[in-house]
Amino acid sequence: MTKVQYGWLIRSIHSWSANLMIFFAFVHMFSVAFLKAYRKPRELTWITGMLLLFVVMGFGFSGYLLPWNTLAFFATKVGTEIAGQVPIIGKPMMVFLRGGDEVTGATLTRFFGFHVAVLPGIVGVLIAVHLFLVQRLGMSVPPKTEVEWVKDPSARRDIKFFPNFALREMMAWYVAMGALGALAAIFPWDLGTKADLFGSAPAGIKPEWYFLFMFQTLKLIPSKVWFMDGEVLGVLGCGLAGLLWVLLPFFESEQPSRPRKWINGLVIFALVYVIGMSVYGFLAK
Ligand code: HEM
């Protein structure tokens with residue numbers, strides 16, 4: 001294998017594992033939500049999980065710029081511009097992210113620092129807290145099963161962490177590693193054309209797939225809604241929806257025999273919305 005081929009393979013493995021990590025964090029979040037595994041006393045596990053999701057999306061956003069190609073350059077420009085729409089803190093946040101008023105080499109250095117130092121530090125602490133809580137509280141069971149176990153304790157089924165659970169996880173890891181290697185070798189990620197700071201943005205520029213549902217939502221809002229700027233309203237709306245989703249465990253009933261049905265509906269709506277708007281965003285011109 002030549003040096004160039006080796007470089008391509010490593011880069012492809014990195015890009016595929018980054019996208020799969022974000023995809024499976026979403027899968028994990030929705031599976032936890034459907035199983036109501038966020039219920040008391042696991043509220044903090046859910047909140048650390050949500051912070052983990054934001055951090056892995058931050059990895060995606062900062063990592064996307066590092067190849068310094070045209071798409072990444074303009075997607076970062078658009079992404080930081082949207083962050084700049086947040087009232088009061090938006091502009092200073094945008095300047096902080098960019099390392100100045102415009103996306104330049106300073107942004108690349110800053111994003112590199114976020115990607116290889118700041119975010120790994122934060123994610124290390126969050127995963128440690130998240131797994132500590134999982135170990136301390138044990139794995140939850142769905143409300144129905146919990147009610148059955150209260151009625152008939154002999155129905156309870158436990159498995160040993162070692163060797164049973166650990167061996168099962170190890171098999172899953174083997175399969176995942178094999179799939180990752182195959183994807184990276186068969187579908188290598190393209191490096192794209194080098195960014196031209198003075199060039200014009202390619203038509204129909206879009207962010208990476210995990211931001212598409214929010215991006216498409218903002219695109220659907222008219223530029224002016226009554227006296228408010230449409231984009232500002234959209235950013236505030238996404239922020240509020242995100243905050244309510246983080247606080248989801250606190251809306252749930254504490255009695256496993258009476259789970260809140262409207263939350264099941266909300267989780268289904270959220271899943272359909274995220275998938276629907278992502279597909280719409282992907283197909284939209
Ligand atoms: C990088 C991201 C993440 C990693 C590495 C991670 C890892 C884990 C692991 C290993 C478990 C125990 C086994 C399992 O349930 O699968 C777990 C449980 C849990 N996670 Fe995550 N997680 C992540 C993100 C999230 C997200 C985004 C959420 C929700 C918003 C979340 C909420 C939870 C909850 C509530 C549990 C407890 C499940 C139970 O007790 O049944 N996690 N996490």
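All of the points below concern the structure found in this document. (Residues numbered from 1 in each chain as written. Predicted model: local features only at pLDDT ≥ 70, side-chain atom pairs only at ≥ 80, totals over all residues. Heavy atoms only, no water.)

## So, the nonpolar core
Then, number 1: Ranked by size, the top nonpolar core spans 23 residues in total, and within it Phe 26, Met 29, Phe 30, Trp 46 and Trp 245 carry the most contacts.
Then, number 2: Every element with two or more residues in this core is listed here: helix 1 (3-34), helix 2 (43-65), helix 8 (209-220), helix 9 (230-246) and helix 10 (261-283).
Then, number 3: Ranked by the residues each element gives to this core, the list is headed by helix 1, at six residues.
Then, number 4: Residues contacting Met 29, with those up to four places away along its chain left out, are Trp 46, Met 50, Leu 53 and Trp 245.
Then, number 5: Within the second largest apolar cluster, 11 residues are counted, among which are Leu 97, Phe 111, Phe 114 and Ile 205. (Core = buried A, V, L, I, M, F, W, Y, C linked by side-chain atoms within 4.5 Å. Buried < 20%, exposed > 50% of the residue type's maximum accessible area, 1.4 Å probe, protein only. Helix = DSSP H or I, 4+ residues; strand = E, 2+ residues; numbered from the N terminus. Contact = heavy atoms within 4.5 Å.)

## Overview of the packing of helix 8 against helix 10
The geometry of a pair of packed helices is captured by two quantities: the angle between their axes and the separation between those axes.
Then, number 1: Between helix 8 and helix 10, the least distance of the axes is 8 Å, while the angle of their chain directions is 80 degrees. When the axis of helix 8 is compared with that of helix 10, the two are roughly perpendicular. Listed contacts from helix 10 to Trp 209, Leu 212, Phe 213, Gln 216, Thr 217 and Leu 220 of helix 8 are Tyr 273, Val 274, Met 277, Ser 278, Tyr 280, Gly 281 and Phe 282.
Then, number 2: Along the lines of polarity and charge, the residues of the contact of helix 8 with helix 10 split into nine nonpolar, four polar and no charged. (Axes fitted to C-alpha atoms, helices over the stretch in contact; angles between N-to-C directions. Parallel < 35°, antiparallel > 145°, perpendicular 65-115°, else oblique. Nonpolar A, V, L, I, M, F, W, Y, C, P; charged D, E, K, R; others polar.)

## Overview of unusual backbone geometry
Then, number 1: Residue Pro 41 follows Lys 40 across a cis peptide bond; omega there is 10 degrees.
Then, number 2: Secondary-structure assignment places Pro 41 in the loop between helix 1 and helix 2.
Then, number 3: You will see that Ile 88, though not glycine, has its phi angle at about 65 degrees, which is positive.
Then, number 4: Tracing the backbone shows Ile 88 in the loop between helix 3 (70-83) and helix 4 (90-98).

## Some remarks on helix 7 (residues 161-186)
Note on helix geometry: an α-helix contains 3.6 residues per turn, so any two residues three or four positions apart are oriented the same way.
Then, number 1: With 26 residues, helix 7 extends 36 Å from end C-alpha to end C-alpha; this agrees with the ideal 38 Å at 1.5 Å per step.
Then, number 2: Those residues of helix 7 lying buried are Ala 166, Leu 180 and Ala 184. (Expected span 1.5 Å × (residues − 1).)

## Some remarks on the side chain of Glu 43
Then, number 1: Along the chain, the position of Glu 43 falls in helix 2.
Then, number 2: This buried residue, Glu 43, is left without a salt bridge; Lys 40 holds the nearest opposite charge, at 4.1 Å.
Then, number 3: What Glu 43 contacts, discounting residues up to four positions off in sequence, is Tyr 38, Pro 249 and Phe 250. (Lys, Arg positive; Asp, Glu negative; His and termini not counted. Salt bridge = Lys/Arg side-chain N within 4 Å of Asp/Glu carboxyl O.)

## As for the environment of Gly 239
Then, number 1: With respect to the helices and strands, Gly 239 occurs in helix 9.
Then, number 2: You can call Gly 239 partly exposed: its relative accessible area is 43%.
Then, number 3: Taking the C-alpha atoms as reference points, Gly 239 and Pro 249, 10 residues apart in sequence, are found 18 Å from one another.

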